[in-house]
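Coordinate analysis (summary)
Spelled out from the first residue to the last, the chains are:
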Amino acid sequence: MTTIDLSQYGGEDRVISSLEMAEEIRARRKPTVKFFSKIPALDRLLDGFEPGELVAISGPTKHGKSLLAQTLTVNFLEQQVFTLWFTFELPPKQFLERFGDRTPLLYLPRIHRQANLKWLLDRIRESAAKYHTQAVVIDHLHYVFDIGRSKNPSIDIGTTIRTLKSLAVEMELVIFVLCHTVKAKADGGDVGYEGIRDSSFVGQESDVVLVVQRRPEKGENLATISVELSRRTGVLKQRLWVSRVNGLLQETVIQEDAPKKGNGTKKYWDD
Amino acid sequence: MTAVCTDPEPTRPDPWKVLVDFLSPGDRRGELLEDLRENQIWIGTLKKVQTAFPMDPGISASCRAFILHHLSEIERITEEMRKHDND
């Protein structure tokens, strides 16, 4: 049996004092480069996005989660921040058509492989190595693991989210994970992050949770983005209004008791 | 005294190249795709340099300017590809 003299242990995981650790952190400190949504109220609440963050974008089906992620992609591009997209739900043609005539520069795998976390992580690494992509959008979480074979989806989602968070920290990326909530409430009431399908881990492990919800009672193109939580800024359950203009979301100001606009509303934003 | 016009002759497309492009559109398309990829790789490289020297405003600004140049090149190439596809 080999005995190790632990008093001489010098591995990289050795125990050090808080003072040594503080010194190490000071020595390797780099200025944090944030990037912004360009939706002013959202940027005020979140103070932008920082590398290493995992952002969950949730909301009922067809309420604008992908549209918010598309808007962020275009607005990041203006800041020379490039995004890698995993668009499991839509074929590439349909996905790109959503941006209109002018396809913005973003990156995506030629072929998507579902229920394969290792493949997803490899593509994120490939994209960062080739194009230095700093933001990743996964649309949506339930395609990353095999829900049919999963004995406990909640645990599997938790593991997936934790793995993605570790990767975001390791590679200094911002990862946006889109996930469904339970159905929208019939009375149009707020859906909170507690309603994220299958897992409370999503809310617990994410740095930011946003919930997008259409508000047809206020106007055809109106929605709210609720910042359910932001770990860094400490914001909880603050919402802002956005409207869809030229295929992207823009901030708008709405009187909470504004009269209903238009004669009828589309049920969903499904382009 | 005879006045001499010193203005350079406006650049005309090379007729041979026009003919080649017309006869083998796939080649031109391939060239454009190659240019597109090259510009994308340049942008990735410049972003890496920019990120590696976050404290240096000079390097950061230069990278930003070069990235902007490559982005406009990409716009030009995609525009040409669109025209090429419509012809």
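Here's what I pulled together on the structure shown here.

All names here are of chain A. Bridge count between strand β7 (residues 236–245) and strand β8 (residues 248–251): four bridges; the pairing is antiparallel. In the sheet register, Val-245 faces β8, and the bridge partner there is Leu-248. Here β7 folds back onto β8, and the loop between the two strands holds two residues, one of which, Asn-246, carries a positive phi near 50°.

This part takes up the sheet that holds strand β1 (residues 54–59) of chain A. All names here are of chain A. With respect to topology, eight strands assemble into an open sheet ordered β2-β3-β4-β1-β5-β6-β7-β8, the strand pairing being mixed. Each having just a single partner strand, β2 (83–87) and β8 make up the two edges of the open sheet. Averaged over neighbouring strand pairs, the angle between their axes works out to 25° when direction is ignored. Direction of pairing for strand β6 (residues 222–230) relative to β7: antiparallel, over a ladder of seven bridges. Bridged to Leu-229 within β7 is Leu-236. In the packing of helix α6 (residues 153–171) onto the sheet, the strands contacted are β1 and β4 (174–180), and the crossing angle to β4 comes to about 160°.

We now examine the nonpolar core. Counting 61 residues, the largest nonpolar core has A:Ile138, A:Ile175, A:Phe176 and A:Val177 as its most contacted members. Among all residues touching A:Ile175, those that are not within four sequence positions of it are A:Leu54, A:Val136, A:Ile138, A:Leu164 and A:Ala168.

Contact residues are listed per partner, giving 12 residues for chain B and eight residues for chain A. Those elements giving two or more residues to the side of chain B that touches chain A turn out to be α2 (25–52) and α3 (57–86) of chain B. Sorting elements by how many residues they give to the side of chain B that touches chain A places α2(B) first, with six residues. Looking at the side of chain B that touches chain A residue by residue, the classes come out as seven nonpolar, two polar and three charged.

On to unusual backbone geometry. Residue and element names in this part refer to chain A. Put simply, Asp-139 and His-140 share a cis peptide bond, and its omega is 0°. Its place among the elements puts His-140 in the loop between β3 (135–139) and α6. Here the phi dihedral of Lys-62 falls at roughly 65°; this positive angle occurs in a residue that is not glycine. Along the chain, Lys-62 turns up in the loop between β1 and α3 (65–78). What makes Lys-62 partly exposed here is the crowd of 16 C-beta atoms within 10 Å.

The rules we used
- Residues numbered from 1 in each chain as written.
- Chains lettered and ligands numbered in written order.
- Predicted model: local features only at pLDDT ≥ 70, side-chain atom pairs only at ≥ 80, totals over all residues.
- Pairing = 2+ DSSP bridges.
- Helix = DSSP H or I, 4+ residues; strand = E, 2+ residues; numbered from the N terminus.
- Axes fitted to C-alpha atoms, helices over the stretch in contact; angles between N-to-C directions.
- Contact = placed C-beta atoms within 7 Å.
- Core = buried A, V, L, I, M, F, W, Y, C linked by C-beta atoms within 7 Å.
- Buried ≥ 20, exposed ≤ 12 C-beta atoms within 10 Å, placed from the backbone.
- Nonpolar A, V, L, I, M, F, W, Y, C, P; charged D, E, K, R; others polar.

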